[in-house]
Every structure is written in C-alpha cells, then in structure tokens.
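Listed below, chain by chain, are the residues.
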Amino acid sequence: MIVLRMAWRNVWRNSRRSSVTIAAMTLALFVELLYAGLVNGMFKDMEDDITEMDFGDVQVLHEDYLKRPSLYTVVEDHEAIMSRLDEAGYAATARLMSGGLVASGEFSAGGAFFGIDPVQDTKVLRLNTAVAEGEWLDVADPTGVVVGRGLARTLSLDLGSELVVLSQAADGSMANELFTVKGILRSVGAGLDRGGILMPADTFRDMMVMPEGAHKIIVRRAKNQPLEEVTAAVTALAPDAKVMNWKQLSPMLAQMLEGVNSMIVIVYLIVYVAVAILILNAMLMAVFERIREFGVLKAIGYSPFQVVSMMVLEGMIQATVALGAGLALAAGPMWYLQNNGINVGNLAGMSMAGMTMPAVWRGDYTLGVIQVPIIMLFVIVFFAVIYPATKAAWIRPVEAMRHQ
Amino acid sequence: MTQSSGKPIVKLTGVTKTFAQGGLEVKALRGMDLTVNEGEFVAIWGPSGSGKTTALNLIGALDTPTSGQVELEGTDLSSLSRKALSQMRRDRIGFVFQAYNLIPVLTAFENAEAVIALQGIAPAERKTRVMAILKEVGLEGMEHRRPNELSGGQQQRVAIARAIASNPAVILADEPTANVDSETAEKLLSMMARLNEEKGITFVFSTHDPRVMKYARRLVGVVDGRVDTDRAKNSGEE
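Residues numbered from 1 in each chain as written. Chains lettered and ligands numbered in written order. Predicted model: local features only at pLDDT ≥ 70, side-chain atom pairs only at ≥ 80, totals over all residues.

Caption draft 1: Structural context of the overall build of chain B. When you go through chain B residue by residue, the secondary structure sums to seven helices and 10 strands. Here chain B has a C-alpha radius of gyration of 17 Å; the compact-globule value for 238 residues is 18 Å, and the two agree. Scored against the burial criterion, the 238 residues of chain B give a buried share of 46%. Sequence separation of 24 or more characterises 72% of the internal contacts of chain B that already satisfy a separation of 6 or more. (Helix = DSSP H or I, 4+ residues; strand = E, 2+ residues; numbered from the N terminus. Rg over C-alpha atoms; globule rule 2.2 N^0.38 Å. Buried ≥ 20, exposed ≤ 12 C-beta atoms within 10 Å, placed from the backbone. Contact = placed C-beta atoms within 7 Å.)

Caption draft 2: View of the packing of helix α2 (residues 15-55) of chain A against helix α12 (residues 304-339) of chain A. Residues and elements named next belong to chain A. Axis separation between α2 and α12 bottoms out at 8 Å; the angle between their running directions is 35°. Note on packing geometry: the crossing formed by α2 with α12 is right-handed. Counted together, Ser18, Thr21, Ile22, Met25, Thr26, Leu29, Phe30, Leu33, Leu34, Gly37 and Leu38 of α2 and Gln318, Ala319, Val321, Ala322, Leu323, Ala325, Gly326, Leu329, Ala330, Pro333, Met334 and Leu337 of α12 form the full contact between these two elements. Of the residues in the contact of α2 with α12, the class split is 17 nonpolar, six polar and no charged. (Axes fitted to C-alpha atoms, helices over the stretch in contact; angles between N-to-C directions. Left-handed = near helix turned anticlockwise from the far one by under 90°. Nonpolar A, V, L, I, M, F, W, Y, C, P; charged D, E, K, R; others polar.)

Caption draft 3: How the structure looks around the sheet that holds strand β4 (residues 67-72) of chain B. All names here are of chain B. Read across the sheet, four strands follow the order β2-β1-β4-β5 without closing on themselves; strand pairing throughout is antiparallel. The sheet terminates laterally at β2 (24-37) and β5 (75-76), the two strands that pair on one side only. Where strand β1 (residues 8-21) and β4 come together, five bridges link them in antiparallel fashion. Across the sheet, Thr16 pairs through a bridge with Ser67, a residue of β4. (Pairing = 2+ DSSP bridges.)

Caption draft 4: Unusual backbone geometry, seen in detail. Phi is positive for A:Val209, close to 50°, though the residue is something other than glycine. With respect to the helices, strands and loops of the structure, A:Val209 is situated in the loop between α7 (201-208) and β9 (216-220). Residue A:Val209 is classed as partly exposed on the basis of its 14 C-beta neighbours within 10 Å. A positive phi is found at B:Glu175, a non-glycine position, where the angle reads about 45°. Residue placement: B:Glu175 occurs in the loop between β7 (170-174) and α6 (182-199).

Caption draft 5: Looking closely at the interface of chain B and chain A. Counting residues at the interface gives 21 residues for chain B, matched by 17 residues for chain A. Elements represented by at least two residues in the side of chain B that touches chain A include exactly α2 (82-92) and α3 (108-113) of chain B. Of the residues belonging to the side of chain B that touches chain A, the class tally is 10 nonpolar, four polar and seven charged.

Quick look at the structure:
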C-alpha cells in the first residue's frame, strides 16, 4: 500500500512532466481506438459483403466445378441436399450460373448469368438489400432482371431498359432471351459488378434448357458457429459433392482479412513506440532526479522488486489516467463513426481483392476491438518503464546516497 | 578492547575495503576489528578519510568488504543473498543519515511507517506504534507534515522515529548532528541517549562531532582504516 501511495504521489510531484506524458498516451490511445475501429469496420463490412451478398459461408459444388466450371458441372441431387440442410437447421439457397453475351442498344458485353430463387435467396443472403435502384427479382416477373452496377454503366442501362442475352443452352441450342432491367445493384463484388445479370431460377432453367441440378448451394451458418465445424457438418450432409467454405474458395481474400490484424498491430506499434520513447525518457529523468531517494529506499530495506513495483505502478497510474482521458475523448467520435460513419464518396465501390469498399465507412467498436489498443498501451508502458525501473532497483545505496 | 557485557550485535574481523578512485586504489579500511555489544552507545570517531563511514556502511550491509568478515547478530553478511540483505536492513538495522534522507512525498507519519509497512504489521498496530514513537521523539501533532514543512532537527527526529520503529538490533547513525544547530544537536543526542538507556537500543555513531563523543559511552578512534583507540567512558566523564 505504501508503495502505491509513493507511486501515486511521485507521479504528481512533477505534474508538468507527468501531464505531458499522460497527454501523449491519451493522444496515442485516441488515435489507436479510432483507427482500430475504422479498419476493423471496413474489413468487417467487406467480409460481410462477401459472405452475405455472394459467397455465403459454405458452398456445395460439383466435384469438378472449380477446375472446369461449365453449365454441365452441376450438383445433381441439389434438392435432396437442400432438404437435408434444412432439416439440420442450415439456411441454404441454390445458384445456377452461366455466361454469354449481353447486348442493349448499340452496346454489348460479356455477362455472367445467375439463376436465383427470388424468395429463398432473401432468407439466406442479403443480396436483395444491395439493389440500389429499382426492385429485387420477382417470380411473377420472369423477364425482369437485376444487373450489376458496372454492367449497367457499360451498356448504359437504366431501369426499364431492355437487354438481349445470348448463350448456348445445355442441349446445344441457342439460348436467347429479352429481359427488362428491374433493378441495378450497388457495388457488392467485382464479379457481380462487371457482368452480373440476376434472373429468377425458373427463367434461367427455361432459357438454358436445364431442368435439373444446381451449380452451387450457398449455405449460411448460425452466428458464432465455427466455420470449420459448419464445413465439416455440410460435408457430411453432401458426401458426393465438393464442400468448401468461403476461405477455401477465396484464400487470398481470407489471408488478406487475417492480415488486417497484423496491419493494425504494426500501426499500433509505430504509434506506441513513439510514446514509449517519451515515457522512457520521462522515467529515466525521474530515476536520475531521484537516485538519492532510491538509495535511501534500498538502504532502509526496500527490495529491488519493491522499487521496480513502485516505478511500474507510476507508469501504470499514468496509463490509467490516459485510459480514462482517451476513452472520454474518443467516446463521441466512436459513437458517431459506429452509427453514422464516413461517406467515402468516390471511393465507394472500389474493389480490393474481390471485396468492395462500402459507400459509408463505419467503425466497429466492440469490446473485442477496443480492448486491443488498451491492452497494448499498458504493455508498452510496462516495457518502457521496466528499464529505468530496473536501473533504479539495482542502484547501490552507498553510491546513490552520495549522489548530489 | 572495551565492550559491554551484552551479547555481540556487530562483529568486524580483519575487514578491509579498497576503492578505486580516479584510477588509484584507496584503502579505506586496512584490517579493522571491532565488536559492538547489545545496548551499547558507541561513537566511531576519527578525521575525515579515516574509514569510519565506510565501517558503518559495511555494518549496515550497504556495502561489502574487500576481505574480512562482517557479522550482524552472528550472521556473516557475505553469506546472504541480495534479498536477504534487504530483509536484514529492513528488520534488524535502523539508519539515521547526516542529510536525514526522508522520502519527500511522504508525511512524517508515513516516513516513520515506511519500514514497518513492509514488515506485514497490521495497519492498526502500525499506527499505534508510530504515533507512540512520534510522541516520544517530540513530533506529536506534526505527523501530517511533509519533510519540506519540517525544520532540520524535526526531520532528523522523523529519521530517528523511522529507524527505531522496526525495533532493529542496531541503529547506525552517520554524522546525525552535522546538519543541525548546537541546541538541536543536544536535543537529538539526549533523546537518543534516553532511548538507549530506557529501551536498550544499540547505537553506533560515525562522527567527529565532540558533542556526540560527549554522549557516547564508548569511543572507538579510527585512524588510517584501523581501530586506533577503543575505550569505555567512566560514568560522569565527558
């Protein structure tokens, strides 16, 4: 207790120096908190976009689909698999996919066609919420399609525009259809953006003469259910198909998202090391000024551990004050960034490894996110203090008390 | 060699201490033999550079001898670890320094409590003991003052209170009267003499102040790092 009391009073005996140190810690924490939340928020939104708009968590595919994607590499018994998934409590939706030529007016482009169950899809994914203009697919409107933003730009499509789709059907015949644009997506992913044409599954089957099977079954997991566990469970339910989770389907993306934490920690370290140097300097000055005092403490029986404890406590007291000040300072901005975010303007839709920058960049300020810069502050302070503290602890009392 | 009849508290046997100073070897102690018994009031005196402070530092486990043996209550200090030496200083030795050496951020009470607070004594008992000691050294009512709010004499009283609070085997006082006026020096010395008489606390002084020698009941003269004279004073002798 007396060690804590001395530490507390030592912090305030040179209040100007302590205030500067605390201010530096506060500023560093403030910056780190905002930065951590914003970066996590951005990548969380991107990850959510990937899983909720496109990939799902797990996909069931034909064994050869990834090596040889074609109209014919389909999961034959997709209805039976979906029924088993439903019984096991997994939300799942089937996707039909093909490609071909799309033309509107004088313009034409390559297109990626997606056959979607307009109702079931909304129970599994959030792609319907990404319709920026117009409406989502409707089974009652079989020729109404939703197109990607990039394709709409390329073909100068507006709501109500007509477009012609040309491809080769499963039976080798010419597949062609005239569609009307009933919705345009916001940017959700590079593939969908550039050439995506979403149409009701029945329309796709009619056009492509493909009465059976599905190219992929997209499965979502319950919140907090481990991805690997779900992958294994779905594999058991679809033993003859290829089951892959989104990280396996897009390893580069997964690595990038996992690399976010390293990126954040590197920035933490850069900022905190600067603060640590300041703390180290302040503490070394404190040790130099108090050499005689440390000598006395050692002489009257304080152990090196008690001297180190006192110095570490001095650092921790300053860090605790900085924590309070930093949180108080950051609370308002964190609340604003979490609830309103930053409108990124022209950066919206910018693609990074298949992920798309959201229009509004929101912070993610969960306990899990903010605890990291806080814990790191205390760890850095500890390491910054430990050298001067050890110097003080191993001071020889006789020499220290001679110090003027 | 003159000694009291109590059991030996401090024993120096053939102690030497050599310092390196500016590239030169300085022999501060050249084979000192000294025994201080329980309850003694001893002044180690001699000219500057004679080795008296070095001897006190060795007795107080603040420094280690180059050769020879320093024993405190029968324990060879060279056999103790750093941790054990810290505990020895905390529990068995009281220090009173020339420059008082109080902790500036602590009050008089807290300074006096600073050592026993480490000994695991309950706060209530600590308070009772420290308040009694502060009263005994004449600082009643000043317990909340910080060192910068006390005179030199009062600060030295706090240092004495700190030294005796832990009931040490010996109190080592290095020139305790050097920084105070004559009147205060007299008061401090008479107080320490009273504590020695009434409580049987062993005091060892390092000094060249004649006032200390007046109060001491045994005078150990040190010259060139060796005990030159050692005599007990007769009662009434000044």
